[in-house]
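# Remarks on the overall topology
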Amino acid sequence: MNNVVDLLIFSGQSNMQGSTGEKCCLPPIAGCLEYKVLSDSLVPLVSPVGEDVGDGLLAASALGNGSLLPYFCRVYCSDGTRVVAVHAAKGNTRISEWHKDADRFKAFKEKVLAAVAKVGEENIRNVFVVWLQGESDAIAGLSEKEYLDELIKFKNVVKTLIRINKFALISPGYFACYAPWVDKPLAEKRASDERIISAYRRAPQIDDDFILLTDVCVKLSEQQRYLNPLEYGPHYNNAGMEIIGTAAAKAIKKYVLSSRK
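Residues numbered from 1 in each chain as written. Predicted model: local features only at pLDDT ≥ 70, side-chain atom pairs only at ≥ 80, totals over all residues. Heavy atoms only, no water.

### Observations concerning the pairing of strand β7 (residues 210-214)
Of all five residues in β7, four are buried, a share of seventy percent or more. Inspection of the sheet shows strand β6 (residues 166-170) paired to β7 by four bridges, in the parallel sense. Along β7, the bridge assignment pairs Ile 170 with Thr 214. Handedness of the crossover joining β6 and β7 through helix α6 (residues 186-206) is recorded here as right-handed. (Buried < 20%, exposed > 50% of the residue type's maximum accessible area, 1.4 Å probe, protein only. Helix = DSSP H or I, 4+ residues; strand = E, 2+ residues; numbered from the N terminus. Pairing = 2+ DSSP bridges. Right-handed = clockwise from strand over helix to strand, strands pointing away.)

Below you can see the structure in the form of structure tokens.
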């Protein structure tokens, strides 16, 4: 049992990649290792997380700064659970860029499968994909149905790679309405954000593979004290990431405990 771990795959765009604008000084998380595909190694999870893979296909947390992973894993591992975390995210990406035939998905696939091989499938207990994305699709004006269709398509392809307990969602907050380069009325931009937010809330209602961990970003995205002041649009600082990561991890741990009954 000493080798048994839960595999957590963190994917999405900039707020999953990490764009906090400040260093995260949390010490390594006890019981948590991060998989690095470039070196095929398991290392203590400590900020900055991730790595730059390919020509911008996947990226480490921006400028060596913070992300939500340390905060999430700190809670997840607090009961002694051992974790291998896989960071596979890239900012400013639309969900269509994660499709099966896209180069970004191929990089995602390579990293996930390499992590499984490194750990050994027989040593993996639970597998969760933790997904935070959609800001770019709000800017593009996708409808709720269009985004849901794309999300389900991506989830189903991931399931062909690896068994998953749940495709776990962290809903994005408001983003398009704070994008000054988008030449649309504010009400229209806000409605674009709300369509994506609604898609996240609806996904678990129509597909049992999904679980919504938290929509706390909806509130945080409109509170300046939780935002990176150096970035356009709501990118969360470390204080914001701590709230997001903690809320999401508590929700997924609650699911894990309830599923054992």
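### Some points on the pattern of salt bridges
All told, the structure shown has 17 salt bridges when counted by the stated rule. One salt bridge connects Lys 155 with Asp 209, and the closest N-O pair in it is separated by 2.7 Å. In this pair, Lys 155 is assigned in helix α5 (residues 144-161) and Asp 209 in the loop between α6 and β7, connecting sequence segments 54 residues apart. Both residues of the pair, Lys 155 and Asp 209, belong to the buried class. Ionic pairing is found between Arg 190 and Glu 222, a salt bridge with its closest N-O pair at 2.8 Å. Of the two residues, Arg 190 is situated in helix α6 and Glu 222 in the loop between α7 (217-220) and α8 (238-259); the sequence distance between them amounts to 32 residues. (Salt bridge = Lys/Arg side-chain N within 4 Å of Asp/Glu carboxyl O.)

### Thoughts on the sheet that holds β7
The sheet built from seven strands is open, its strands ordered β3-β2-β4-β1-β5-β6-β7 with mixed pairing. Each end of this open sheet is capped by a strand with a single partner; those strands are β3 (41-44) and β7. Each strand axis lies, on average, 30° off the axis of its neighbour in the sheet, ignoring direction. In the sheet, strand β5 (residues 124-132) pairs with β6 via four bridges, with the strands oriented parallel. In the strand pairing of β6, Val 129 is matched with Phe 167. Where helix α2 (residues 69-76) meets the sheet, its contacts fall on β1 (5-12), β2 (32-36), β4 (83-89), β5 and β7, and the angle it forms with β1 comes to roughly 155°. (Axes fitted to C-alpha atoms, helices over the stretch in contact; angles between N-to-C directions. Contact = heavy atoms within 4.5 Å.)

### Remarks on the packing of aromatic side chains
With the rule as written, the count across this model stands at 14 aromatic pairs. Residues Phe 72 and Tyr 76 carry aromatic rings whose centres are separated by 6.2 Å and whose planes lie at 15° to one another, so their mutual orientation is stacked. Linking Phe 72 with Tyr 76, this pair stays in helix α2, spanning four residues, or about one helical turn. Taking relative accessible area as the criterion, Phe 72 reaches 0% and is therefore assigned buried. Tyr 76 sits in the buried class, given a relative accessible area of 0%. Where Trp 98 meets Phe 108, the ring centres are 6.3 Å apart and the plane angle is 90°; that geometry is what we call edge-to-face. (Phe/Tyr/Trp six-rings, centres within 6.5 Å; stacked < 30°, edge-to-face > 60°.)

### Re the side chain of Ser 192
Among the structural elements, Ser 192 can be located in helix α6. Only 3.0 Å separates the side chain of Ser 192 from the side chain of Arg 195, close enough to count as a polar contact. (Polar contact = N/O pair within 3.5 Å; in protein donor to acceptor, adjacent residues only side chain to side chain.)

### Observations concerning unusual backbone geometry
What you tend to see is this: most non-glycine residues have negative phi, and most peptide bonds are trans. In this structure, the amide linkage connecting Ser 47 to the following residue, Pro 48, adopts the cis form with an omega of 0°. Turning to its location among the elements, Pro 48 is positioned in the loop between β3 and α2. One non-glycine residue, Asp 40, adopts positive backbone phi at about 45°. Mapping Asp 40 onto the fold places it in the loop between β2 and β3. According to the relative accessible area criterion, Asp 40 is partly exposed, its value standing at 38%. Phi is positive for Asn 92, which is not a glycine, with a value near 55°. In this structure, Asn 92 sits in the loop between β4 and α3 (103-119).

### Observations regarding the packing of α3 against α5
One way to put it is that α3 packs onto α5 with a least axis distance of 11 Å and a crossing angle of 35°. Like other packed secondary-structure pairs, α3 and α5 cross with a definite hand, here right-handed. Where α3 approaches α5, its residues Phe 105, Phe 108, Lys 109 and Leu 113 are matched on the opposing element by Phe 154, Val 157, Val 158 and Leu 161. Split into classes, the residues belonging to the contact of α3 with α5 amount to seven nonpolar, no polar and one charged. (Left-handed = near helix turned anticlockwise from the far one by under 90°. Nonpolar A, V, L, I, M, F, W, Y, C, P; charged D, E, K, R; others polar.)

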